[in-house]
Amino acid sequence: MHFSLQSCLRISTAFFGARCTKRCSFLTHISPYYPRKMMHYQTEERGRPNTTDYRIYFKSSDGKYISPFHDIPLFAESEQENDVPQKKVRKTENEVLCNMVVEVPRWSNAKMEIATKEPLNPIKQDVKKGKLRYVANVFPHKGYIWNYGALPQTWEDPKHTDKDTCCCGDNDPIDVCDIGSKVCSSGQVIQVKVLGVLALIDEGETDWKVIVINAEDPDAPALNSIEDVRKKRPGHLEATVDWFKKYKIPDGKPENKFAFNGQFKDKDFAMEVIRSTHEHWRALVQKQDNGGEINCKNLSVCESPFKCSEEETSAVVKSAPECGKADSLPADVDKWYFLPK
């Protein structure tokens, strides 16, 4: 049984900015402006959910297939029309927003992620030893305890040793935890406020976890720093450390370690980490750095040798299996794991 592609289209909302202009300049600093117009991203499902062939591909507001890794801008910028910049309205530093690609909805278990090594980098479920990966429920947590995803146009370079953690990057876009109250969907693109960052050391690699809140959340105006989270949402940061420390134990692995003794760094520190990973990404798509197996095919990144045509991006998606009926989930996905204190 196959569904029509039309029935497998889902719309996710985001502001779409940082388009190419005649100057083809890259964004190299944070510009504190809100975008003028709301645009939309579409997602197109291919394959059967809960199977290894399932993929979520992305489209721009005008229906062009794009890469969420490379074509969605990191920072929310003012739209430009006919190559003429619109008048920008200056906002405070607290109102700087980033785009976040949601990979895993809160309370769910499937380890969905941007497929960095595949053309157009769709979202897929991670596979280990031939089996789909699901995050265990370590009591009292159920699945992921935030909307979990990535910041586009960032890359944790595995050849770069971080001066603070003394470990190399994990070869992925930087990870994000949205602590907003809304449960998002996989493939949704939201705008978020950066609040702070946690430095997880995962098997000897730096794996930053940026703490953010959905800009549309009712609590967003009151949360502008990691200290605000500590005061207004007591226990949330401690639960986040506990989750990352223990989530691999049911798989037979030891507790994860952290830099800075597991302390969260503030927003300014987080923004510097984001700037750095954005620069590493820029070197990657300009072929100034060797990304190995990472696929840099994109539709809109100026001055990138990996830029391709709409026909090429469309061919990538059309070659994937059509969307079909979801497979059933494994019986142990809802199992609880009780670990000793």
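For the structure itself, consult the block above.
For clarity, every value in this text was computed on a predicted model and none was experimentally measured.

**With respect to the environment of G324**
Within the secondary structure, G324 is located in the loop between α4 (310-318) and β19 (336-337). By relative accessible area, which is 3% here, G324 ends up buried. Put simply, G324 and P49 are 275 residues apart on the chain and 7.5 Å apart in space, counted from C-alpha to C-alpha.

**Topic: the nonpolar core**
When a protein is soluble and globular, its nonpolar side chains tend to lie buried together. Counting 46 residues, the largest nonpolar core has W146, I179, W243 and F244 as its most contacted members. Apart from the residues lying within four places of it in its own chain, the contact partners of F244 are W146, Y148, C177, L198, L200, K209, N256 and F258. Ranked by size, the runner-up nonpolar core spans 25 residues in total, among them V102, L151, C184 and V210.

**With respect to helix α3 (residues 267-285)**
End to end, α3 covers 27 Å across 19 residues, agreeing with the expected 27 Å (1.5 Å per residue, within 8%). The distance from a side-chain oxygen at the start of α3 to the backbone nitrogen of D268 is 3.3 Å, and the residue carrying that oxygen is D266. Residue K287 follows α3 closely and has a positive phi angle near 65 degrees.

**Re a nonpolar patch on the surface**
Residues F139, W336 and F338 make up a contiguous nonpolar surface patch of roughly 360 Å² in combined accessible area. Structurally, W336 can be placed in strand β19. Exposure remark for W336: the relative accessible area of 37% places this residue in the partly exposed category.

**Side note on α4**
Within the sequence span of α4, burial applies to T313, V316 and V317. Angularly, the buried residues of α4 cover 95 degrees about the axis, an arc narrow enough to put them on a single face.

**Remarks on the side chain of N109**
As for its placement among the helices and strands, N109 is situated in the loop between β7 (98-104) and β8 (112-114). Residue classification places N109 among the buried positions, given a relative accessible area of 5%. A distance of 2.8 Å separates polar atoms of two side chains, one belonging to N109 and the other to N137. Look past the residues within four positions of N109 in its chain and what remains in contact with it is R133, Y134, V135, A136, N137, K142, G143, Y144 and V333.

**Brief notes about the packing of aromatic side chains**
By the definition in use, this model includes 14 aromatic pairs. Ring geometry for Y144 versus Y148: centroids 5.3 Å apart, planes at 35 degrees, classification tilted. As far as the burial class goes, Y144 and Y148 line up, both buried. Cluster of aromatic residues (ring-pair linked, three or more members): Y144, W146, Y148, W243, F244 and Y247.

**What about the environment of N50?**
With respect to the helices and strands, N50 occurs in the loop between β2 (39-46) and β3 (55-59). Distance in space between the C-alpha atoms of N50 and P330 is 9.2 Å, their sequence separation being 280 residues. When near neighbours in sequence (up to four residues on either side) are disregarded, N50 contacts Q125, L132, Y134, A326, D327, S328 and L329.

**Some details on the state of the cysteines**
In protein chemistry, a disulfide is the covalent bond that joins the sulfur atoms of two cysteines. Summed over the entire model, instances satisfying the criterion amount to zero disulfides. For the unlinked cysteine C168, the closest cysteine sulfur is that of C167, found at 7.4 Å.

**Things to note about unusual backbone geometry**
Cis geometry marks the peptide bond from F139 to P140; its omega dihedral reads 10 degrees. Within the fold, P140 resides in the loop between β12 (137-138) and β13 (147-150). Although it is not a glycine, K129 adopts a positive phi angle of roughly 55 degrees. For K129, a relative accessible area of 81% translates into the label exposed.

**Quick notes on the pattern of salt bridges**
Tallied over the full model, the rule gives 25 salt bridges. Among the ionic pairs, D334 bridges to K142, the shortest N-O distance being 3.7 Å. Taken together, the residues D334 in the loop between α4 and β19 and K142 in the loop between β12 and β13 connect sequence positions 192 residues apart. Assessed through its relative accessible area of 55%, D334 is described here as exposed. Given the relative accessible area of 25%, K142 is considered partly exposed. One salt-bridge network, held together by shared partners, links D202, E203, K248 and K253.

**Some remarks on the environment of Q288**
Summarising the element assignment, Q288 is placed in the loop between α3 and α4. In this structure the side chain of Q288 is engaged in a polar contact, spanning 3.2 Å, whose partner is the side chain of Q286.

**As for the pairing of strand β17 (residues 205-214)**
Counting buried residues in β17 gives nine out of ten residues, a clear majority hidden from the surface. The sheet contact formed by strand β14 (residues 168-169) and β17 spans two bridges and is parallel. Paired with C168 across the bridge in β17 is E205. Pairing geometry for strand β15 (residues 175-178) and β17, over four bridges, is parallel. From the neighbouring strand, C177 faces β17, where its bridge partner is I211. Of the pairings in the sheet, the one linking strand β16 (residues 189-202) to β17 comprises ten bridges and is antiparallel in character. Residue pairing across strands places I201 opposite T206, the latter belonging to β17. A loop of two residues connects β16 with β17, the two strands running antiparallel in sequence, and E203 in this loop sits at a positive phi of about 50 degrees.

Calculation criteria
Residues numbered from 1 in each chain as written. Predicted model: local features only at pLDDT ≥ 70, side-chain atom pairs only at ≥ 80, totals over all residues. Heavy atoms only, no water. Helix = DSSP H or I, 4+ residues; strand = E, 2+ residues; numbered from the N terminus. Buried < 20%, exposed > 50% of the residue type's maximum accessible area, 1.4 Å probe, protein only. Core = buried A, V, L, I, M, F, W, Y, C linked by side-chain atoms within 4.5 Å. Contact = heavy atoms within 4.5 Å. Expected span 1.5 Å × (residues − 1). Polar contact = N/O pair within 3.5 Å; in protein donor to acceptor, adjacent residues only side chain to side chain. Patch = residues over 30% accessible without salt bridge, like charges linked within 9 Å, V, L, I, M, F, W, Y side chains within 5 Å. Areas by Shrake-Rupley, 256 points an atom, 1.4 Å probe, with all protein chains shown as cover. Salt bridge = Lys/Arg side-chain N within 4 Å of Asp/Glu carboxyl O. Arc of directions from axis to C-beta. Phe/Tyr/Trp six-rings, centres within 6.5 Å; stacked < 30°, edge-to-face > 60°. Disulfide = S-S within 2.5 Å. Pairing = 2+ DSSP bridges.

Keep in mind these numbers describe shape, not what the thing actually does.
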